[in-house]
Amino acid sequence: MGFRIPGIVRQGSFSASKATRKGVEVPKGYLAVYVGVNMRRFVIPISYLNQPSFQHLLCQAQEEFGYDHPTGGLTIPCNEDDFLNLTSRLNELL
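Values in this document were obtained by computation on a predicted structure and should not be read as measured data.

S.K.: I tried to follow the pattern of salt bridges on my own but got confused; where do I start?
M.R.: Pairing between side chains of opposite charge can happen when their charged atoms approach one another. Scanning all chains against the criterion turns up one salt bridge. For E80, the salt bridge goes to R40, with nearest N and O atoms at 3.1 Å. Of the two residues, E80 is situated in helix 2 (residues 80–93) and R40 in strand 3 (residues 40–45); the sequence distance between them amounts to 40 residues.

Next up, the structure:
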């Protein structure tokens, strides 16, 4: 079963419909991002976008990918462990 970090939803954790991976709905107030070499999909609260540490990741994403992301969604250029560490810290702040 594993553990769940509040405020972050991993792919498959949010059951909106039986759609394909790209067609999975994202709840209002959340954003889907792809992280790491395996491009794992996470659904995060849009409130993260205002946080300086997350804005730093967005700048890195723009430098690396520009506005042409290979997945069609927002790709964050960091490993999954660093991303989960950052999001858990952001959950404590919000």
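S.K.: Could you clarify how one ought to interpret the pairing of strand 2 (residues 30–35) in this entry?
M.R.: In summary, the side chains of a regular strand alternate between the two faces of the sheet. Strand direction decides the pairing type here: strand 2 and strand 3, joined by six bridges, are antiparallel. The partner of V33 across the bridge, within strand 3, is F42. Of the strand pairs in this sheet, strand 2 and strand 4 (residues 74–76) are connected by three bridges, and their pairing is parallel. Across the sheet, V33 pairs through a bridge with L74, a residue of strand 4.

Analysis parameters
Every residue gets a number counted from 1 within its own chain, in the order that chain's sequence is written. In keeping with the model being predicted, local features are shown solely for residues with a pLDDT of at least 70 and side-chain atom pairs are shown and tallied solely at 80 or more, while totals for entire chains, interfaces and linings include all residues. Each side-chain value is derived from all of the structure's non-hydrogen atoms; neither hydrogens nor water enter the calculation. Here a salt bridge means any side-chain nitrogen of Lys or Arg lying within 4 Å of a carboxyl oxygen belonging to Asp or Glu. Note on conventions: DSSP H or I runs of at least 4 residues are helices, E runs of at least 2 residues are strands, and numbering of each starts at the N terminus. Pairing between strands is defined by DSSP: at least two bridges between the two strands are required.

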